[in-house]
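The primary structure of each chain is shown beneath.
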Amino acid sequence: MVTAIFPAAGKGKRMGAGMNKVFMELDGVPVLVRTLQRFSRCEAVDNLVVVAAGDELELVRGMLGGVAGLKPWQAVAGGSERQYSVWNGIQAVENAEDGDIILVHDAARPFVSDRTIRATIDMAREKGAAIAAVPAKNTIKRCNSDREVVETPDRSLLWEVQTPQGFRRDILIRANRQAVADGFLGTDDAGLVERLGEKVCIVESDYRNIKLTTPEDMVIGRAFLAEDREKGEIG
């Protein structure tokens, strides 16, 4: 079984919209809905779990309840941090087995490709942990606390991490439990798995798989939709 978990409890302050960015519409369709539609069209995915803020649960359920063609889904309450929200999503899946695959995907990434979803699932099954990423385009500088450059890492070894991130269920559960025991709060799920000493493998994604974070990203998103329509695809 493959379950996709979508953390959607963030406030999206950088978007400056005064609302949860995943509820914002791209050409009349909420970002959250567009993201779930992408995963619903992937035959390799079995079910969906949206993790929302407690006071937005009914809004999410009402929004998704009227959408045709979604894979079986449920909406559950999130925690105070993204890490805790993902854990709530993991626990919400019934009849799950250790060898099942769990995908964690940003709800604000509605342009992920079917190829990337499938490749992440396949790599997670083979290696235990996989993350979608793209080669870094820009030179990266590592600085100290005074913003003085201390190192220029080799760009050919740098990747910009996206989602989905995929894991065997037993590995992701161990990683979350260990993080809680250690009082560790990570910035992504792969970071928790890395702390176990487990190898995390990269799946090359594409640069269209952007996270809608700022108003400029919405402009890019609308351009992607227009491009999809020109190709005869539904955005």
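Let us look at the structure shown here. One numbering rule holds for all chains: residues counted from 1, following each sequence as written. Whole-chain, interface and lining totals are the exception, using all residues; otherwise, since this is a predicted model, local features are given only for residues with pLDDT of at least 70 and side-chain atom pairs are given and counted only at 80 or more. The side-chain quantities take in all heavy atoms of the structure and omit both hydrogens and water.

**Re the nonpolar core**
Nonpolar cores are built from buried Ala, Val, Leu, Ile, Met, Phe, Trp, Tyr and Cys residues. Side-chain atoms within 4.5 Å join them into one set. When accessible area is computed with a 1.4 Å probe and restricted to protein chains, residues below 20% of their type maximum are described as buried, those above 50% as exposed, and intermediate ones as partly exposed. By size, the foremost hydrophobic cluster in this structure holds 41 residues, and its most contacted members are Leu-32, Phe-39, Val-45 and Leu-103. By definition, any uninterrupted DSSP run of H or I lasting at least four residues is a helix, any uninterrupted run of E lasting at least two residues is a strand, and each is numbered from the N terminus. Breaking this core down by element, the ones donating at least two residues are β1 (2–7), α1 (31–40), β4 (47–52), α2 (57–65), β6 (101–104), α4 (114–127) and α7 (215–230). Looking at which element gives the most residues to this core, the answer is α1, with five residues. Here a residue-residue contact requires only that any non-hydrogen atoms of the pair lie within 4.5 Å. If we skip the residues at most four places from it in the chain, Leu-103 touches Val-2, Thr-3, Ala-4, Ile-5, Phe-39, Val-45, Ile-117, Thr-120, Ile-121, Pro-164, Gln-165 and Gly-166.

**Some details on empty space enclosed by the protein**
With a probe scaled to a water molecule rolled over the atoms, the places where space remains empty come into view. Detection works on a 1 Å grid of protein atoms alone, calling trapped sets that fit a 1.4 Å probe cavities and calling open sets with protein on both sides within 12 Å along at least five of seven lines pockets, with lining residues defined by an atom within 4 Å of a point. Grid points are joined across faces, edges and corners, and a volume is the space filled by probe spheres set on the points. Across all of its chains, the model carries three cavities of 30 Å³ or more by this definition. When its volume is computed, the second largest cavity comes out at roughly 40 Å³. Secondary structure elements with two or more residues in the lining of the second largest cavity: β1 and β6. Gly is placed with the polar residues, together with every amino acid not listed as nonpolar (Ala, Val, Leu, Ile, Met, Phe, Trp, Tyr, Cys and Pro) or charged (Asp, Glu, Lys and Arg). Its residues assigned to classes, the lining of the second largest cavity shows six nonpolar, one polar and two charged.

**Thoughts on the pairing of strand β7 (residues 129–135)**
For β7, a buried count of six out of seven residues is recorded, marking the element as mostly surrounded by other parts of the structure. Note on pairing: two strands pair once DSSP finds at least 2 bridges between them. Relative to strand β10 (residues 159–168), β7 is paired through six bridges, and the arrangement is antiparallel. When the bridges of β10 are listed, Ala-130 appears paired with Gly-166. Here β7 runs beside strand β11 (residues 201–204); their pairing, made up of four bridges, is parallel. For Ile-131, the partnering residue across the bridge sits in β11 and is Ile-202.

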